[in-house]
Amino acid sequence: MSEVTSWIEQALAASRSDECVVVVRDTTEANLRWAVNALTTNGQMHHRTATVIALRHGDGAGHAGVVRGPLASADDLLELTRQADQAALAAPADPDAMPLPDPVVDPGYEAGPEPTSIEVFADLAQALGRAFVDARARGDELFGFAEHHSTTVWLATSTGARRRAVEPMGRLELNAKHADRIGSAWVGCATVDFSDVDGDALYAEARQRLAWSETRLELPPGRYETILPPSAVADLMIYA
């Protein structure tokens, strides 16, 4: 049993509500940032949070108390559980309350977190180095960032559910500019672990798009058709 799942079992045992749900999220993040053909910052972060949902049944309806906070020790989770129990006692009746579903137990529930690290950018950093050298020789400038998150989520209930999932997510954005700042091109991609990210190919695509901007037409103010690359359209659709 991992440290986190041990804390969860203590919290469920300590709850004084009719039912209890505990969700813990453990996230590590690594990032690289660059500007004017040079790395500017890189770092690695770690944070862990817990959400406790205390459920009380009575008056023909359910009452729920929900508390969320940072998690560094078993005592932190016990305190969040105590607060959730108190919140459930004061919570109004919820006519939409439903019983917890039948419990499911994941085989790997008791495993620890799966973190990321700055090493996930090892191949990308080499490609960026080559791109910076080439961009300087061309008189262009590169800006951008890469980030990778790995979040492990545990969910446990007083009725016996024990679930665990790992959520990896990464993205990269590269902007290439002419030194006069008139021409500019962008490329980006999403990834799970950066093993499928070809930094050389992304730079070649940005360089090609930047070359397109060298053909310029002076147009009066007005409405014009704008053609966006597929990756830019996909990003806009997220907000839509």
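Residues numbered from 1 in each chain as written. Predicted model: local features only at pLDDT ≥ 70, side-chain atom pairs only at ≥ 80, totals over all residues. Heavy atoms only, no water.

J.: Looking at this structure, how should I read the pattern of salt bridges?
T.: As a working rule, side chains carrying opposite charge can pair if their charged atoms are close by. This structure, assessed with the given rule, holds 13 salt bridges. Arg-25 is the salt-bridge partner of Glu-167, the closest N and O atoms lying 3.2 Å from each other. Note that Glu-167 is positioned in strand E5 (residues 162–178) and Arg-25 in strand E1 (residues 19–35), a separation of 142 residues in sequence. The shortest N-O distance in the salt bridge between Glu-141 and Arg-181 comes to 2.4 Å. Of this pair, Glu-141 sits in strand E4 (residues 140–157) while Arg-181 sits in the loop between E5 and strand E6 (184–191); the two residues are 40 residues apart in sequence, bridging distant segments of the chain. For Glu-141, a relative accessible area of 15% corresponds to the buried category. A single salt-bridge network, built from bridges that share partners, covers Asp-134, Arg-138 and Arg-207. (Salt bridge = Lys/Arg side-chain N within 4 Å of Asp/Glu carboxyl O. Helix = DSSP H or I, 4+ residues; strand = E, 2+ residues; numbered from the N terminus. Buried < 20%, exposed > 50% of the residue type's maximum accessible area, 1.4 Å probe, protein only.)

J.: Just to check I follow, could you spell out the sheet that holds strand E3 (residues 61–70) for this structure?
T.: Strands in a sheet are paired, the pairing made by backbone hydrogen bonds, and the direction either parallel or antiparallel. Ordered by their spatial adjacency, six strands build an open sheet running E3-E2-E1-E4-E5-E6, and the pairing between neighbours is antiparallel. For this open sheet the edge positions go to E3 and E6, each flanked by a neighbour on one side alone. Neighbour-to-neighbour, the strand axes of the sheet open up by a mean angle of 15°, direction not taken into account. Pairing of E1 with strand E2 (residues 38–58), which is carried by 17 bridges, proceeds in the antiparallel orientation. From the neighbouring strand, Cys-20 faces E2, where its bridge partner is Ala-54. Across the face of the sheet, helix H4 (residues 199–212) comes into contact with E4, E5 and E6 while running at roughly 150° to E6. (Pairing = 2+ DSSP bridges. Axes fitted to C-alpha atoms, helices over the stretch in contact; angles between N-to-C directions. Contact = heavy atoms within 4.5 Å.)

J.: Hey, could you run me through the environment of Cys-20 in this one?
T.: Mapping Cys-20 onto the fold places it in strand E1. Note: C-alpha distance between Cys-20 and Asp-85 (65 residues apart in sequence) is 8.8 Å. When neighbours within four sequence positions are excluded, Cys-20 is seen to be in contact with Leu-12, Ser-15, Val-52, Ile-53, Ala-156, Thr-157 and Ser-158.

J.: Sorry if this is basic, but what is going on with unusual backbone geometry here?
T.: The phi torsion of most residues other than glycine is negative, and most of the peptide bonds are trans. A positive phi angle, near 65°, is found at Asn-37, a position not held by glycine. Residue Phe-194 is not a glycine yet carries a positive backbone phi of 70°. The residue Phe-194 is located in the loop between E6 and H4 in this model. The class for Phe-194 is buried, based on a relative accessible area of 6%.

J.: Help me understand the packing of helix H1 (residues 3–14) against helix H2 (residues 74–90) in this model?
T.: Axes are the key here: two packed helices are described by the angle between their axes and the distance separating the axes. Close contact between H1 and H2 brings their axes to 9 Å; oriented N to C, the two are set at 30°. The pairing of H1 with H2 is recorded here as roughly parallel in orientation. Regarding H1 and H2, the two cross each other, and that crossing is right-handed. Judged by residue contacts, Trp-7, Ile-8, Gln-10, Ala-11 and Ala-14 of H1 engage Ala-74, Leu-77, Leu-78, Thr-81 and Asp-85 from H2. (Parallel < 35°, antiparallel > 145°, perpendicular 65-115°, else oblique. Left-handed = near helix turned anticlockwise from the far one by under 90°.)

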